Amino acid sequence: MSKKEFVVEQILAKQVVENEVQYLLKWKGYPEEESTWEPEKNIQCPKLLKEFNEKCSREENNENTWEPEDNSSDSDELKESEDEYIAKERHKVERIISKKYEDEKVWFLLKWEGFPEEEATWEPEENLFCKDLIEVFETERFEAVISGQTLDDASVTGFDQGLEPEKIIEAALINGEIHYLIGWSGSPETDVVPAKLANLKCPQLVIKFHEERVTWEEN
């Protein structure tokens, strides 16, 4: 009996499992739902590997990109055509509109380049690669609070999410009350927090913040 041969028709995706690079292979003569993950060392199709990795490199050069969270099953994903997969794989963030906390995660409302604002979507912070836009949003947010504007998410802070305060960045007088801009450990997020809450939750950081700004004068 002759040995059955399998020929790789296309490489669909790539992943790393326990420090081992694996590729999702579409086999010639078989439907995509029967594609399989194979370790790189077992793959003998250098031309397809080169073309796939070059395509990935070109896509990764795009700045401010987002990789959507895939909640569909593997079989559903494999039923999509390659063009549809690539089309949804990268979208460019134009700006950040708002922020919220939900399901123990930080979410941002994103305005996508080339799409109207009514098609903006909430995405978890862990899926975003636009740190510069997040910093711009947080800076504008702090300035808005200082100017007396009321933010929809102003009452929710990192304390509510169990984040550890790392430092106090700035202080401002808002409606006659001192507020602090607090940075969180392990997160690029910042929150504007009333002094009375900061004194309760992180008194040592408050003391350190003011000690660093004390000016001593000699007689």
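Each remark here, short or long, concerns the structure printed above.
Sequence order as written defines residue numbering, which begins from 1 separately in each chain. Under the rules for a predicted model, residues below a pLDDT of 70 receive no local features and side-chain atom pairs below 80 are neither given nor counted, while totals for whole chains, interfaces and linings still include all residues. Based on all heavy atoms of the structure, the side-chain values leave hydrogens and waters out of the count.

Enquirer: Would you mind going over the overall build of the protein with me for this structure?
Expert: Labels follow the DSSP assignment, with helices taken as runs of H or I lasting at least four residues and strands as runs of E lasting at least two, numbered in each case from the N terminus. For the protein, the helix and strand inventory stands at six helices and 11 strands. Each residue's exposure class comes from its accessible area (1.4 Å probe, protein chains only) as a fraction of the maximum for that residue type: buried when under 20%, exposed when over 50%, partly exposed otherwise. Residues classed as buried in the protein amount to 36% of the 219 residues present.

Enquirer: Could you clarify how one ought to interpret the packing of aromatic side chains in this entry?
Expert: How two aromatic rings sit relative to each other is set out by the distance from centre to centre and by the angle between their planes. Aromatic rings from Phe, Tyr and Trp, with only the six-membered ring used for Trp, were paired whenever their centres fell within 6.5 Å, and each pair was classed as stacked if the ring planes differed by under 30 degrees, edge-to-face if by over 60, and tilted otherwise. For the structure shown, the criterion picks out three aromatic pairs. For the pair phenylalanine 108 and phenylalanine 137, a centre-to-centre distance of 5.9 Å together with 90 degrees between the ring planes defines the contact as edge-to-face. Within this pair, whereas phenylalanine 108 is found in strand S6 (residues 105–112), its partner phenylalanine 137 is found in helix H4 (residues 131–146), the two being separated by 29 residues in sequence. When sorted by exposure, phenylalanine 108 lands in the same class as phenylalanine 137, which is buried. Arranged with centres 5.7 Å apart and planes meeting at 75 degrees, the rings of tyrosine 180 and phenylalanine 209 form a pair that is edge-to-face. Of the two residues, tyrosine 180 is situated in strand S10 (residues 177–184) and phenylalanine 209 in helix H6 (residues 203–211); the sequence distance between them amounts to 29 residues.

Enquirer: Help me out: how do you make sense of the sheet that holds S10 in this one?
Expert: Sheet strands pair by backbone hydrogen bonding; their relative direction is either parallel or antiparallel. We call two strands paired when DSSP finds no fewer than two bridges between them. Strand order in the open sheet made by the three strands is S9-S10-S11, with antiparallel pairing throughout. Edge positions in the open sheet fall to strand S9 (165–174) and strand S11 (190–194), since each of these has one partner strand only. Each adjacent strand pair in this sheet contributes to an overall mean axis angle of 30 degrees, direction not counted. With eight bridges connecting them, S9 and S10 associate as antiparallel partners. Of the residues in S10, the one forming a bridge with glutamate 170 is leucine 181. Note on method: axes are straight lines fitted to C-alpha atoms, helices fitted across the in-contact stretch only, with angles between N-to-C directions ranging 0 to 180 degrees.

Enquirer: Any chance you could explain H6 here in plain terms?
Expert: Given 3.6 residues per turn, any residue in an α-helix points the same way as the ones three and four places further on. Taken as a whole, H6 has its buried residues at Leu205, Val206 and Phe209. In a view along the axis of H6, the buried residues occupy a sector of 100 degrees, so they form one face of it. Structural note: H6 exposes Gln204 and Glu211 on the side pointing more than 90 degrees away from its buried face. The contact criterion used is simple: two residues touch if any of their non-hydrogen atoms lie within 4.5 Å. Residues of H6 that are buried sit in contact with S9, S10 and helix H5 (195–201). The arc in question is the one traced by the directions running from the helix axis out to the C-beta atoms.

Enquirer: Would you explain unusual backbone geometry in this entry?
Expert: Generally, phi is negative for residues other than glycine and the peptide bonds are trans, each holding for most cases. In this structure, glutamate 18 is a non-glycine residue whose phi angle is positive, near 55 degrees. As for its position among the elements, glutamate 18 is in the loop between strand S1 (8–17) and strand S2 (20–27). On the basis of relative accessibility, which here comes to 76%, the residue glutamate 18 falls in the exposed class. You will see that asparagine 19, though not glycine, has its phi angle at about 65 degrees, which is positive. With respect to the helices and strands, the residue asparagine 19 is situated in the loop between S1 and S2.

Enquirer: Would you mind going over the nonpolar core with me for this structure?
Expert: What is meant by a nonpolar core is a set of buried Ala, Val, Leu, Ile, Met, Phe, Trp, Tyr and Cys residues, joined one to another through side-chain atoms within 4.5 Å. Judged by nonpolar contacts, Phe159, Ile168, Tyr180, Ile182, Trp184, Val193, Ala195, Ala198, Cys202, Leu205, Val206 and Phe209 together constitute the single largest core of 12 residues. The set of elements that each furnish at least two residues to this core consists of S10, H5 and H6. Here valine 193 is in contact with Thr157, Phe159, His179, Tyr180, Ile182 and Ala198, once residues within four sequence places are set aside. One finds Val93, Val106, Ile134 and Phe137 within the second-largest nonpolar core, a separate group that totals 11 residues.

Enquirer: Sorry, what's going on with the sheet that holds S2 here?
Expert: Spatially, the three strands line up as an open sheet ordered S1-S2-S3, and their pairing is antiparallel. With partners counted over all chains shown, the strands left at the sheet margins are S1 and strand S3 (36–39), one partner each. Averaged over all neighbouring strand pairs, the angle between strand axes comes to 35 degrees, with direction disregarded. In terms of strand pairing, S1 meets S2 through eight bridges, oriented antiparallel. Bridge pairing in S2 links glutamine 10 to lysine 26.

Enquirer: Is there a simple way to explain the environment of leucine 181 in this structure?
Expert: Along the chain, leucine 181 falls in strand S10. For the pair leucine 181 and alanine 195, spaced 14 residues apart in sequence, the C-alpha to C-alpha distance is 9.9 Å.

Enquirer: How do you make sense of the environment of phenylalanine 115 when you look at a structure like this?
Expert: Among the secondary structure elements, phenylalanine 115 is positioned in the loop between S6 and strand S7 (121–124). In this structure phenylalanine 115 comes out as partly exposed when scored by relative accessible area, which is 37%. Counting along the chain gives 21 residues from phenylalanine 115 to glutamate 94, while the straight-line C-alpha distance between them is 9.4 Å.

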